[in-house]
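Listed below are the residues making up each chain.
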Amino acid sequence: MTLPKRFLKPDGFDFPKFFTNEDGKQIRYGTAQPQGESRGTVVLTTGYADFTETYFETIQDFIDRGFTVHMMDWQGQGGSERYYENPRIPSPEGPYHNIRDLHQFLHEIVKPEKDKPVFLASHSMGGQMALHYLREHPGDFDGAMLATPFVDTVKMPPVKGFLSRAFMEAACKLGLGHKRMTRKNIVRRIKKEREVLKTDEPVRMRLHQYFADLNPGLKLGDPTFLWIRNMTRRADVMRSEKVLKSIDTPVLMAICEKDRLVNNDAIRRAADLLPKGELIEIKDGYHGLWTERQKIRDQWFSRIDSFIEEVEKQRKPAAENDNKKADNPAAPAVKQVRPKQNSPKK
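Thresholds, definitions, all that
Residues numbered from 1 in each chain as written. Predicted model: local features only at pLDDT ≥ 70, side-chain atom pairs only at ≥ 80, totals over all residues. Heavy atoms only, no water. Buried < 20%, exposed > 50% of the residue type's maximum accessible area, 1.4 Å probe, protein only. Helix = DSSP H or I, 4+ residues; strand = E, 2+ residues; numbered from the N terminus. Pairing = 2+ DSSP bridges.

**Some details on the pairing of strand S2 (residues 26-32)**
Argument step 1. Buried residues dominate S2, accounting for six of its seven residues.
Argument step 2. Bridge count for strand S1 (residues 14-20) against S2 is five bridges, and the pairing is antiparallel. Note that in S2 the partner of Lys17 across the bridge is Tyr29.
Argument step 3. As paired strands, S2 and strand S4 (residues 67-72) are joined by four bridges and run antiparallel to one another. For Tyr29, the partnering residue across the bridge sits in S4 and is Met72.

**Looking at unusual backbone geometry**
Backbone phi values are negative for most residues with the exception of glycine, while trans is the configuration of most peptide bonds.
Argument step 1. Cis geometry is found at the peptide bond from Phe15 to Pro16, where omega equals 0°.
Argument step 2. Residue position: Pro16 is located in strand S1.
Argument step 3. In this model, Ala49 sits at a positive phi of 65°, which is unusual for a non-glycine residue.
Argument step 4. Relative to the helices and strands, Ala49 is located in the loop between strand S3 (40-44) and helix H1 (56-64).
Argument step 5. Of note in this structure, Thr148 is not a glycine but carries a positive phi near 40°.

Listed below in structure tokens is the structure:
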């Protein structure tokens, strides 16, 4: 299969590059500059088992909009160094270390211009990571665009949900945490989605498989009990109303009508609780929004464009105020000295 140019590595995208995280592992990333002056920075991350190559088209979309783009593969997946001899096993600490690696990536590699907006864009599992990052590092990003984010686990009957959680916790306590759980049902849903979409977008729907066949080292297998337990615990935290209300960064979330992989009701609830949360519901869309059919992607990017413009408008007065303060520094504060009190005589 020969790919059209829009699905290939964008011109000027410096990729692959690597940085070393705190565990001594090599994390793969790439970076690109737009022609002319940059409007700001977009940092892209992926969902579970995904990799940069399937986002080449999206990277170009942001470059065409005038943004500097940086993208990294999460630890233990894509082209980043794996944690086990078996490269198909994900890192159990990924749900925690991903936040740390993203922080290092932003501050040591990306180093965005201070006078221009910085956006975080992600998908599915990466959406959960993004929300935690925004909570733990307020002010690092001016806005976030999260496509079909994994906010909470899929709804289950109460008894089934309790037994599933109990079984997973027991497996970890018994030393079986590194055993992998099958994703047959999830994979079946993904394949069903792609089969439906192949009639409209046969090339785009084969992108993941195309690049994985070119480089089998990009593939990742089923998650382990330990990985799922840790990811579930992360979701437990984000279920808190107090936690969601503490995230002050503007966040645009998208849910798709036909998505059966994430909990859309949980996304609606999160968008409603976030102080600056916004939601777009895309009719006829499936889970893989960044690589969806073009008519679906157009809806998503149209909403992204208006979201970015609104963030830029809100950011401009704040930047102007900062400049005024720099041009007209306030008079030095006079230190208030409390008069000494005479100690009572004994």
